[in-house]
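The primary structure of each chain is shown beneath.
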Amino acid sequence: MSSDSQGSVKGEAAMMLPPSGSASSQGQPLSPSTTSKPPELPDELVQAGWSKCWSRRENRPYYFNRFTNQSLWEVPVLGQHDVISDPLGLNAAPAEGGDGNLGNGQRKRRSSDEQGAGPNSLKRAKVEPTTPISPSTPGVKPWSAAPEDKQAQSATPTTPSPAPTPAPYRPAVIYWDLDIQTNAVIREHPPANHLPPHPEIELQRAQLVTKLRQHYHELCHQREGIDPPRESFNRWLLERKVIDKGHDPLLPSDCDPIISPSMFREVMNDIPIRLSRIKYKEEARKLLFKYAEAAKKMIDSRNASPESRKVVKWNAEDTMSWLRRDHSASKEDYMDRLEHLRQQCGPHVAAVAKDSVEGICSKIYQLSAEYSRRLRQTHLSLLQDPPTEACASPPQSRLVYCYPVRLAIPSPPLPRVELHFENDVACLRFRGEMVKVNRGHFSKLELLYRYSCIDDPRFEKFLSRVWCLLKRYQEMFGSGANEGTGLQGALPVSVFEALNRQFGVSFECFASPLNCYFKQFCSAFPDIDGFFGSRGPFLMFSPVSGSFEANPPFCEELMDAMVTHFEDLLDQSSEPLSFIVFVPEWRDPVTPALTRMEGSRFLRHQLSVPAYEHEYRSGSQHICKRCYYRAVHGTAVLFLQNDAGFAKWAPTPERLAELTAAYRPASSRTSSLSSPGPAHIAPGDRDSAPKASDRMQSGVMSPGSHDNNNNNNSSSSSSSSSSSSSSPRDKMAAV
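For the protein, the name recorded in an unreviewed UniProt entry is mRNA (2'-O-methyladenosine-N(6)-)-methyltransferase, with Lates calcarifer as its organism. Turning to the protein, the UniProt annotation filed under Subcellular location (unreviewed entry) states: "Nucleus". Taken from UniProt, the Sequence similarities (unreviewed entry) comment for the protein reads in full: "Belongs to the CAPAM family."

S.K.: Describe the overall build of the protein, with residues and values.
M.R.: Helix and strand content of the protein: 18 helices and 14 strands. Considering only contacts within the protein whose residues lie at least 6 apart along the sequence, 75% involve residues at least 24 apart. Element-wise, carbon and sulfur atoms account for 51% of the exposed surface of the protein, whose accessible area totals about 31,900 Å².

S.K.: Tell me about the sheet that holds strand β4 (residues 185-187), and please be specific about residues and values.
M.R.: Reading across from one edge, β5-β4-β9-β10-β14-β11 is the order of the six strands in this open sheet, with mixed pairing throughout. Each having just a single partner strand, β5 (399-401) and β11 (603-609) make up the two edges of the open sheet. In this sheet, adjacent strand axes meet at a mean angle of 30° when their direction is disregarded. Alignment of β11 against strand β14 (residues 635-641), held across six bridges, turns out to be antiparallel. Within β14, the residue paired with S608 across the bridge is A636.

S.K.: I'd love a proper account of unusual backbone geometry, names of residues and values included.
M.R.: For residues other than glycine, phi is negative in most cases, and the peptide bonds are mostly trans. Across the junction of D256 and P257, the peptide omega takes the value 5°, indicating a cis bond. Among the structural elements, P257 can be located in the loop between α5 (232-243) and α6 (261-269). In this structure, P272 follows I271 across a cis peptide bond, with omega equal to 5°. Take P272: it is sitting in the loop between α6 and α7 (281-301). The backbone phi angle of N59 is positive, close to 60°, even though this residue is not glycine.

S.K.: Explain the pairing of β14 residue by residue, including any values.
M.R.: For β14, the tally of buried residues reaches seven of seven residues, placing the bulk of the element in the interior. Of the two faces of β14, the one lined by T635, V637, F639 and Q641 and the one lined by A636, L638 and L640 are each fully buried. With seven bridges connecting them, strand β10 (residues 577-584) and β14 associate as antiparallel partners. Each bridged residue has a counterpart across the sheet, and for I580 the counterpart in β14 is F639.

S.K.: Any chance you could break down the side chain of S573 for me, citing the residues and the numbers?
M.R.: Relative to the elements of secondary structure, S573 occurs in the loop between α14 (556-572) and β10. Separated by 3.2 Å, the side chain of S573 and the backbone nitrogen of E575 make a polar contact. Leave out the neighbours within four places in its chain, and S573 touches V544 and N642.

S.K.: Which residues make up the pattern of salt bridges, and what values do they have?
M.R.: Applying the stated criterion to the full structure yields 29 salt bridges. A salt bridge links E58 to R57; its shortest N-O distance comes to 3.8 Å. The salt bridge partner of E598 is R587, with a shortest N-O separation of 2.6 Å. Taken as a pair, E598 in helix α15 (residues 592-598) and R587 in the loop between β10 and α15 lie far apart in primary sequence, eleven residues in all. The class of R587 is partly exposed, set by a relative accessible area of 39%. Where salt bridges share partners, they join E202, R205, D248, R472 and D527 into one cluster.

S.K.: Describe helix α12 (residues 493-503), listing the residues and the values that go with them.
M.R.: Listed as buried for α12 are V493, V495, F496, A498, L499, Q502 and F503. Once α12 ends, the next one or two residues include G504, with phi positive near 65°.

S.K.: Tell me about the packing of aromatic side chains, and name the residues and values.
M.R.: Taken as a whole and judged by the stated rule, the model has 27 aromatic pairs. Aromatic side chains F442 and F462 sit 5.8 Å apart centroid to centroid with 65° between the ring planes, which places their arrangement in the edge-to-face category. Of this pair, F442 sits in helix α10 (residues 439-452) while F462 sits in helix α11 (residues 462-477), and the two are 20 residues apart along the sequence. Taking relative accessible area as the criterion, F442 reaches 5% and is therefore assigned buried. Taking relative accessible area as the criterion, F462 reaches 1% and is therefore assigned buried. Relative to F541, the ring of F507 has its centre 4.9 Å away and its plane inclined at 10°; by these criteria the two rings are stacked. Taken together, the residues span a long stretch of sequence, with F507 in the loop between α12 and α13 (526-529) and F541 in the loop between α13 and β9 (543-550) at a distance of 34 residues. An identical accessibility class is assigned to F507 and F541; each is buried. Joined through ring pairs, the aromatic side chains of F507, F510, F538, F541, F548, F566 and F579 make up one cluster. Of note, R60 hangs over the ring of W73, and the distance from its end group to the ring centre comes to 3.8 Å. Sitting over the face of the ring of F531, R465 holds its NZ or CZ atom 3.7 Å from the ring centroid.

S.K.: Give me the sheet that holds strand β1 (residues 50-55): which residues, what numbers.
M.R.: Read from one edge to the other, the open sheet built from three strands follows the order β1-β2-β3, with strand pairing classed as antiparallel. Looking along the sheet, the strands with just one partner apiece sit at the ends: β1 and β3 (70-72). Neighbour to neighbour, the strand axes of the sheet diverge by 30° on average, direction disregarded. Here β1 runs beside strand β2 (residues 60-65); their pairing, made up of six bridges, is antiparallel. Counterpart to K52 in the pairing with β2 is Y63.

S.K.: Lay out empty space enclosed by the protein in plain terms, naming residues and giving numbers.
M.R.: Summed over the entire model, instances satisfying the criterion amount to four cavities of 30 Å³ or more. Approximately 40 Å³ is the volume found for the second largest cavity. For the second largest cavity, the full set of lining residues is G489, A490, L491, F496, E508, F510, N515, E549 and N551. Here the residues of the lining of the second largest cavity are counted per class, giving four nonpolar, three polar and two charged.

S.K.: Can you break down the nonpolar core residue by residue, with the values?
M.R.: Core analysis: the largest hydrophobic core is formed by 119 residues, its most contacted members being I271, L428, F442, L499 and F532. The element contributing the most residues to this core is helix α9 (residues 331-382), with 16 residues. Residues L238, F507, F541 and V563 belong to the second largest nonpolar core, which totals 35 residues.

S.K.: Quick one: what's the story with the packing of helix α4 (residues 199-224) against α9, residue by residue and with numbers?
M.R.: Viewed as axis vectors pointing N to C, α4 and α9 meet at an angle of 165°, and their least axial separation amounts to 10 Å. Judged by the angle between their axes, α4 and α9 are roughly antiparallel. In the packing of α4 onto α9, the handedness of the crossing is right-handed. Classifying every residue of the contact of α4 with α9 by side-chain character gives 14 nonpolar, seven polar and seven charged.

Calculation criteria
Residues numbered from 1 in each chain as written. Predicted model: local features only at pLDDT ≥ 70, side-chain atom pairs only at ≥ 80, totals over all residues. Heavy atoms only, no water. UniProt positions renumbered as here; feature names shortened; annotations may be inferred. Helix = DSSP H or I, 4+ residues; strand = E, 2+ residues; numbered from the N terminus. Contact = heavy atoms within 4.5 Å. Areas by Shrake-Rupley, 256 points an atom, 1.4 Å probe, with all protein chains shown as cover. Pairing = 2+ DSSP bridges. Axes fitted to C-alpha atoms, helices over the stretch in contact; angles between N-to-C directions. Buried < 20%, exposed > 50% of the residue type's maximum accessible area, 1.4 Å probe, protein only. Polar contact = N/O pair within 3.5 Å; in protein donor to acceptor, adjacent residues only side chain to side chain. Salt bridge = Lys/Arg side-chain N within 4 Å of Asp/Glu carboxyl O. Phe/Tyr/Trp six-rings, centres within 6.5 Å; stacked < 30°, edge-to-face > 60°. Lys NZ or Arg CZ within 6 Å of the ring centre and 35° of its normal. 1 Å grid on protein atoms, 1.4 Å probe; cavity = no way out; pocket = protein on both sides within 12 Å on 5 of 7 lines; lining within 4 Å. Points joined across faces, edges and corners; volume = space filled by probe spheres on them. Nonpolar A, V, L, I, M, F, W, Y, C, P; charged D, E, K, R; others polar. Core = buried A, V, L, I, M, F, W, Y, C linked by side-chain atoms within 4.5 Å. Parallel < 35°, antiparallel > 145°, perpendicular 65-115°, else oblique. Left-handed = near helix turned anticlockwise from the far one by under 90°.

What follows is the structure in structure tokens.
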């Protein structure tokens, strides 16, 4: 590796496989390197963030904590109390010496008073004191040990410490198990050439992505007179990155073709108007009238052929005449008439709008490529050692257990990010931009960082990288309420436990540091997620053996590429290899990815979980309080395995029974939602849901999607009567 700070792959968590091929535990993160100069403070205080500084104003030393921004005149003591949350020091550990009954804050104040100094002589913290983020021993959970662990600790003789350490925050509910070791084996590969993340660049990228969203909104309004389809920009980002060869981790810049099939399809489906979910007869009547009026107006204002004008005008006028004379029609009559009108006028309307919609897609892509080029130039100017063109490294033949992404380019010094806590929410601020995450997931990120990062043993860059991570996913989600969170939906914890126990699953193919269950996973952004355990994008990940879970975002292009990658891996490997895939069971019409998997020669078993009889975890679990909700569509579980994988992890009836039982909703789970949308679709109301005769939006929502957009997203689908939970057009109805 070109960076001394990154270390070599040989010293990382990746290890040589033993000759027997048996699994062994991963290597621990590198410990802080020792220096020849003796430290001025005990190592415990240094690990807790304390450092000795010099006050030029007071002409004497003081002590500063970089994690809590707290300043003390006297030597700090571990177990010190927070003068804000514990002003009397009731929970403070007694200090050695005569000041044993006083906390650090009290001793500091008394020292200033004795010298007769004014109020300016007291160094004040810039932000509210918070819990220190001290890197503890790797492998130790950041909360209290279990009773049996405490008994084992008490039985082991230890040297007395000067003061007990404060008990870190313990999450009320834990949605992950980071102690499970991986069985995924890969071929050793060189470090990646991604540019290291930087808060300044991430802030600029967020501004450019917001600007690009605004351009998309304006183009849809100016050219087609419609609002952009909900979530279509997020799906465009996802679909473009499947084929993008550019350098930016988020903005596409090198795609062929430049016109996105996903964006083009979704905008076309909202022309001439967006069709909403119909529940009452009057709504159906109004929608039919609006569609006929909009189609007639559009064909008159565009350069259409005489034949198209004739067909559209005749059908629109006939529909309006029928509406005026027939007031006793039922809702089904209006829906049938609307479907007939769409079949007659739709092809002609699409023909006159085709060039305009292609112009929208092309313009958005060109702006994205320009923004990507501008960001890369700024990013390179911040690096101390700009990267050079790397020569192609020879392919590695050594088999190792999978390890996080390592960057070949050293990270520059990162600016300071402020941290404070508001109740159970961690707030990180940089240049006035604040991102939030609940304290449970904040402690999870700390653990993942300790397990995976090797270039920052003292956590000096931890807060800056957490800010970049949260900001990146915020950019991808969008600024709307619950927008885009379906990209991060996940299986219930009980299902992950059953998968690991019965099928040896220890790896997630589509996850993120925020929603992962295992500490080894693939994710969308290797440049920032790699510091928190990511193995990179799944389409670039080539395991030789192992058992994997795949719950992809529901983008048709991504799902199709995923199936191709599955079959290539299973065909090339003779070692045990297994993929358990969770996809929505859409049958009207069926998605190409599901059809290909059902016809694959590697399919060993297929399991169907009915709608409303299973749950998923919300994609916004790191910031929301209500985590679980019922799925409004069925889920297909497919077992793709080669011969060795089938022999080792065969889907036997006993194993399948436990997996099915784990999928059942917990009756005692109070946070479960009956439906993630504002309106629950009862079986009796399904006749009013849109029909799946034509594919509308290519949804990115995973089975764990969580978004209050039943009305908005399903409004882009057809309004004719059919099932509401079985079609790709209603992918967004799942959220």
